[in-house]
Amino acid sequence: PIVNVTEETGVVECTFAIIKPDAMRKGFAAQIKHRILADGFHILQERQLQLSTDIAQEFYAEHLGKPFFEKLTNFMSSGPVTAMVLSRVNAIKAWRSLMGPTNPVAAAEQFPNSLRALYGDKENTTMNATHGSDARLSAQREIKFFFPKRPIFPAPTHQQSHEYIQA
Ligand code: GDP
Ligand code: MG
């Protein structure tokens, strides 16, 4: 992935985010984007689209064979989603932490202000409002999957000069 090293702030990374169909349907997209910006992320790319079940299965290929795979991919293709490239210092961890744990019940218990606690469905782990990449490699793959045309660079921060590194 392409990372941007700044001397004082650490590593500016890109990560990939989805506002899932449940949160879109319930009208939470604006609040979620507000939290993203308030947490210091830049939204570098954004598109709204509906996935086919085939595309959802390809996106979640790592979960093929798991008990929740079919439910997950049917759900992810059930309505529009918002796909975004986010950048920030330590974006991958920061976005996972803003989302909270996978299960909305656990999220509510442990991190009541997290997005999955606030906007996920407590009766159904599948409908947990957001997706986030879990590592540099998956972020790179997922960004390319949804934004194949453009190379993604982290947004510059105002602090100082930047050195771009392609790892
Ligand atoms: P994430 O990285 O936190 O999104 O979690 P995973 O990569 O493990 O799972 C992908 C998605 O599958 C989750 O965000 C949930 O939507 C769904 N999921 C994961 N585990 C379960 C589960 O145990 N039950 C159900 N119903 N859905 C799950
Ligand atoms: Mg995951």
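Residues numbered from 1 in each chain as written. Chains lettered and ligands numbered in written order. Predicted model: local features only at pLDDT ≥ 70, side-chain atom pairs only at ≥ 80, totals over all residues.

- An unreviewed UniProt entry lists the protein under the name Nucleoside diphosphate kinase-like domain-containing protein, from Planoprotostelium fungivorum.

### Notes on helix H5 (residues 91-99)
Item 1. For H5, the complete set of buried residues consists of Ala91, Ile92, Trp95, Leu98 and Met99. Projected down its long axis, H5 shows its buried positions confined to an angular sector of 135°, all on one face.
Item 2. Count one or two residues on from H5 and you reach Gly100, which has phi positive near 90°. (Buried ≥ 20, exposed ≤ 12 C-beta atoms within 10 Å, placed from the backbone. Helix = DSSP H or I, 4+ residues; strand = E, 2+ residues; numbered from the N terminus. Arc of directions from axis to C-beta.)

### Notes on the UniProt feature "active site" (unreviewed entry) in the protein
Item 1. Feature annotation in UniProt places "active site" (unreviewed entry) on His131, given in this structure's numbering.
Item 2. Take His131: it is sitting in strand E5 (residues 130-132).
Item 3. According to the C-beta neighbour criterion, His131 is buried, with 20 such atoms within 10 Å.
Item 4. Apart from the residues lying within four places of it in its own chain, the contact partners of His131 are Ala17, Ile18 and Lys20. (UniProt positions renumbered as here; feature names shortened; annotations may be inferred. Contact = placed C-beta atoms within 7 Å.)

### Thoughts on the site of ligand 1
Item 1. Neighbouring ligand 1 are His63, Phe68, Lys71, Leu72, Thr102, Thr125, Thr126, Asn128, His131 and Asp134.
Item 2. For the shell around ligand 1, the residue count by class is 2 nonpolar, 6 polar and 2 charged. (Near = placed C-beta within 6 Å. Nonpolar A, V, L, I, M, F, W, Y, C, P; charged D, E, K, R; others polar.)

### Digging into helix H8 (residues 136-146)
Item 1. What H8 keeps buried is the set Ala139, Glu142 and Ile143. Projection of H8 onto a plane perpendicular to its axis shows the buried side chains occupying an angular sector of 100°, all on one side.

### Examining the nonpolar core
Item 1. Residues Ala23, Ile32, Leu86 and Trp95 are the most contacted members of the largest nonpolar core, which totals 29 residues.
Item 2. Taken together, the elements giving at least two residues each to this core come down to strand E2 (10-19), helix H1 (21-25), helix H2 (29-38), helix H4 (69-76), strand E4 (81-89), H5, helix H7 (115-119) and H8.
Item 3. Leaving out residues up to four positions away in the same chain, Leu86 has contacts with Cys14, Thr15, Ala17, Ile36, Phe41, His42, Ile43, Ala91 and Trp95. (Core = buried A, V, L, I, M, F, W, Y, C linked by C-beta atoms within 7 Å.)

### What about the environment of Ile19?
Item 1. Along the chain, Ile19 turns up in strand E2.
Item 2. By C-beta crowding, Ile19 is classed as buried, having 25 other C-beta atoms within 10 Å.
Item 3. Considered as a pair, Ile19 and Asn128 are 109 residues apart in the sequence and their alpha carbons are 9.4 Å apart.
Item 4. Apart from the residues within four sequence positions on either side, Ile19 is in contact with Met24, Ala29, Ile32, Val81, Thr82 and Thr130.

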